[in-house]
Amino acid sequence: VFFCSSAYVPKTAAGHCKWAEVLKDLEQIKMSKDIDVSLYTANTDEDVKCQEPVIRCFFLEMEVILQECHIKNCSKTQDVLNVCKNGNAFASLENNKLNSTTSAKCKECEEYDEKNFTEFIQSFVKVIQKECK
């Protein structure tokens, strides 16, 4: 069984969005024709206060894609793994900052609608692009 569980720090440089690497990998993953899963997909227009839990949901669902890739030996496994590594770095940073009152008002991942892989990736890209502005 494979999991994205290694500690990994996203590459950052002055004036460089911390999610640039994730966006690049998502663009690669988006091209995949061999990933066919339904995933809980957070809304791209959630309240700003819910941005961190929303991003965490996207990264959690990437774990599902990674498992699917290992089962099917899909062509984009390395790109998916890269996104997971960045997600783990995000989670370890944000866990310290999240307070329960913010989280309590935000939806759990499972409360979002399930969408197909293509819609999931498009929504993930939109959310990350918002973070890069």
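An account of the accompanying structure is given in this report. Keep in mind the model is a prediction, meaning the values are calculated, not measured.

1. Quick word on the overall build of the protein
Helix and strand counts for the protein come out as five helices and two strands. Counted from the first residue to the last, the protein has its helices and strands arranged as α-β-α-α-α-β-α. The burial tally for the protein puts 43% of its 133 residues in the buried class. Within the protein, residue pairs in contact and separated by at least 24 positions form 86% of the contacts whose partners lie at least 6 positions apart.

2. Notes on unusual backbone geometry
Here N73, not a glycine, exhibits a phi torsion of approximately 55°, which is positive. Residue class for N73 comes out exposed when judged on its relative accessible area of 67%.

3. A word on the nonpolar core
Counting 32 residues, the largest nonpolar core has L26, I29, M62, I65, I121 and F124 as its most contacted members. Residue assignment for this core shows that the elements contributing at least two residues are α1 (20–30), α2 (51–72), α3 (77–95) and α5 (117–131). For this core, the leading source of residues is α2, giving nine residues.

4. Notes on the packing of α2 against α5
Packed helices, taken two at a time, are described by the angle between their axes plus the distance between the axes. Closest axis-to-axis distance for the α2/α5 pair is 11 Å, and the angle between their directions is 140°. Crossing of α2 over α5 shows left-handed handedness. Between α2, through Q51, V54, I55, F58, F59, E61, M62 and I65, and α5, the contact on the second element is made entirely by F117, F120, I121, S123, F124, V127, K130 and E131.

Parameters at a glance
Residues numbered from 1 in each chain as written. Predicted model: local features only at pLDDT ≥ 70, side-chain atom pairs only at ≥ 80, totals over all residues. Heavy atoms only, no water. Helix = DSSP H or I, 4+ residues; strand = E, 2+ residues; numbered from the N terminus. Buried < 20%, exposed > 50% of the residue type's maximum accessible area, 1.4 Å probe, protein only. Contact = heavy atoms within 4.5 Å. Core = buried A, V, L, I, M, F, W, Y, C linked by side-chain atoms within 4.5 Å. Axes fitted to C-alpha atoms, helices over the stretch in contact; angles between N-to-C directions. Left-handed = near helix turned anticlockwise from the far one by under 90°.

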